[in-house]
Amino acid sequence: MRINLPNSAFLGNLDSFLRRFDPSNPKELLITANKKWISVHPIVLTMIAALGQTVPREKIDCEALEAKSRHYFERMRLFEFLEIDSGIIMTEHDSSGRFIPLTQIKDSTSLTRFITEMIPLLHLAPIHAEPLKYIVSELVRNVLEHADSSRGAFVAAQYYSKSNTVRIGISDVGVGISRTIRKSHHSTDDLQSIRLALTPGITGTTDREGGTEQNAGAGLFFVKSIAAVNSDFFVIYSGTAFYKLLKQKTENKNPLQADPLEDRHSAGNDYPHWQGTVIGIDLALDVNEQFTALLEHIRNVYAKAVRARKHARYKKPIFV
Amino acid sequence: MTIIHLKPLIGDFAENKDIARDIRIKMLTPRVSKGKKVTIDFSGVSGATQSFIHALISELFRIHGNEILSLISFKNCNATIQKVITIVTEYMQEAE
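Criteria and cut-off values
- Residues numbered from 1 in each chain as written.
- Chains lettered and ligands numbered in written order.
- Predicted model: local features only at pLDDT ≥ 70, side-chain atom pairs only at ≥ 80, totals over all residues.
- Helix = DSSP H or I, 4+ residues; strand = E, 2+ residues; numbered from the N terminus.
- Rg over C-alpha atoms; globule rule 2.2 N^0.38 Å.
- Buried ≥ 20, exposed ≤ 12 C-beta atoms within 10 Å, placed from the backbone.
- Contact = placed C-beta atoms within 7 Å.
- Pairing = 2+ DSSP bridges.
- Axes fitted to C-alpha atoms, helices over the stretch in contact; angles between N-to-C directions.
- Core = buried A, V, L, I, M, F, W, Y, C linked by C-beta atoms within 7 Å.
- pLDDT = per-residue confidence, 0-100.
- Nonpolar A, V, L, I, M, F, W, Y, C, P; charged D, E, K, R; others polar.
- Expected span 1.5 Å × (residues − 1).
- Arc of directions from axis to C-beta.
- Parallel < 35°, antiparallel > 145°, perpendicular 65-115°, else oblique.

### Points about the overall build of chain A
A tally of helices and strands in chain A yields 10 helices and 12 strands. A globule of 320 residues ought to have a C-alpha radius of gyration of about 20 Å, and chain A, at 20 Å, matches this closely. For chain A, the spread of C-alpha atoms along the three principal axes comes to 80 × 45 × 35 Å. A burial count over chain A gives 48% of its 320 residues as buried. Partitioning the intrachain contacts of chain A with sequence separation of at least 6 by distance along the chain shows that 69% fall at a separation of at least 24.

### Some words on the sheet that holds strand β5 (residues 72-75) of chain B
Residues and elements named next belong to chain B. The three strands are arranged β1-β3-β5 in an open sheet whose pairing can be described as parallel. Every interior strand has two partners, whereas the edge strands, β1 (2-5) and β5, have only one. Sheet twist, expressed as the average angle between the axes of neighbouring strands with direction ignored, equals 25°.

### Observations concerning the sheet that holds strand β1 (residues 2-5) of chain A
Residue and element names in this part refer to chain A. Within the open sheet, the three strands sit side by side as β1-β3-β5. Their pairing is parallel. Looking along the sheet, the strands with just one partner apiece sit at the ends: β1 and β5 (60-62). The sheet shows a mean angle of 15° between the axes of neighbouring strands, taken without regard to direction.

### Focus: the nonpolar core
The tendency in soluble globular proteins is for nonpolar side chains to be buried side by side. Core analysis: the largest hydrophobic core is formed by 127 residues, its most contacted members being L78 and V140 of chain A. In contact with V140 of chain A, other than residues within four places in its own chain, are I105, L111, A153, V155 and I170 of chain A.

### A few points about the environment of N142 of chain A
Structurally, the position occupied by N142 of chain A is in helix α6 (residues 126-146). Residues N142 of chain A and E130 of chain A lie 12 residues apart in sequence; the distance between their C-alpha atoms is 18 Å.

### A look at the confidence of the model for chain B
Residue and element names in this part refer to chain B. Summarising the model, chain B shows a mean pLDDT of 94, and 99% of its residues fall at 70 or more. When pLDDT is averaged over each element of chain B, helix α1 (residues 7-10) comes out on top at 97 and helix α5 (residues 79-95) at the bottom at 91. With a pTM of 0.93, the predicted complex shows an ipTM of 0.92.

### Examining the interface of chain B and chain A
Each partner contributes to the interface: chain B provides 26 residues, whereas chain A provides 31 residues. Residue assignment for the side of chain B that touches chain A shows that the elements contributing at least two residues are α2 (17-32), α3 (50-64) and α5 of chain B. The leading source of residues in the side of chain B that touches chain A is α5 of chain B, at 11 residues. A breakdown of the residues in the side of chain B that touches chain A according to their chemical character gives eight nonpolar, 10 polar and eight charged.

### Some remarks on helix α10 (residues 291-312) of chain A
All names here are of chain A. Over its 22 residues, α10 runs 31 Å from end to end, which matches the ideal 32 Å to within 8%, given 1.5 Å per residue. Among the residues of α10, those classed as buried are F291, L294, L295, I298, Y302, A305 and V306. Buried residues of α10 fall within an arc of 95° about the axis and therefore sit on the same side. For α10, the exposed residues lying more than 90 degrees away from the buried face are A293, R307, A308 and H311.

### Notes on the packing of α10 of chain A against α5 of chain B
The N-to-C vectors of α10 of chain A and α5 of chain B enclose an angle of 0°; their axes lie 9 Å apart at closest approach. When the axis of α10 of chain A is compared with that of α5 of chain B, the two are roughly parallel. Touching F291, T292, L295, E296, I298, R299, Y302, A303, V306, R307 and K310 of chain A of α10 of chain A are A79, T80, K83, V84, T86, I87, E90, Y91, E94 and A95 of chain B, all from α5 of chain B. Looking at the contact of α10 of chain A with α5 of chain B residue by residue, the classes come out as 11 nonpolar, three polar and seven charged.

The following block contains the structure:
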């Protein structure tokens, strides 16, 4: 496998970063890097950390980072996860900033602890902490319940003062969305699986409306909706499929759609294969709609989607 | 009437579905199965995920139908938690 730390990789331009990922030869990992400046979304760090867990340490080859921004990767604990001595020395005047360094979460109790501890690290006001806790809980629980990976979830986040945004990345190297969703639904390809996974009320655990006692198939829809209402980026990458919710146009009065392909988006089904699932979201704090108002939007769309599916299953009378 | 105080069980953010299931199995189901009323008190809880509320009450809808809402009440919920509970109770009733 080969992955390159580019000059820039954020959710807006993540496509080109993913296109350069080479998943061939999964027994080795080569990490290359831009020599001058590297500025990347936390999602990139979670991907590399997750990949690093799938190969023995001696099979990881990481170029020495020369970029001026290399301290960021030490600070975010990337080299610690790769068990590599970066040779980067952090001096006392390095600003700690507002970030959540790479964290591996393998069980429910660790997740609960992580959610409690992460908010002080980002210094967020309660109004902003609430959707963030919601997002991280739903996404990491999805990994713990569906990824079937002993390595769990890799999480990182960073606050960017210039855009007043919290950017979050969560990756796993589990079975991927298609394998999970196909347990209960027909899916022709990885993009179709992502589409189903983002549709409210669709879960891989059952084809029954309302879900099982533990799963409703709503978590990803809620997270995508939080991004849509606030006109933020949301991306999901699994298998060979990549889906990106684009920033919504400001005049859009109905930003939520039950079908993710009806949202303003870009998507492809021919990306380098990622064994597992990668999710990224940007949460702009300036435009954060009140969480309760957002939930009201979700409520309306959700109920409509369930009713539409129910209606589609009605048997029609036969007139002879 | 039994009152279940959530805060000591789940902290100030209700997201752990495993605990939600335990509360349902050990505290809710035995009581409502006997027709007894239960109040779930959210005082001190600032938020709840849909997944938590689903794990807490959805199975009771399957067993008791809409009537479960005559046996369970929700106390001291802030606006967000009320909204999440409303979403779950609505889609479970739609699913019936």
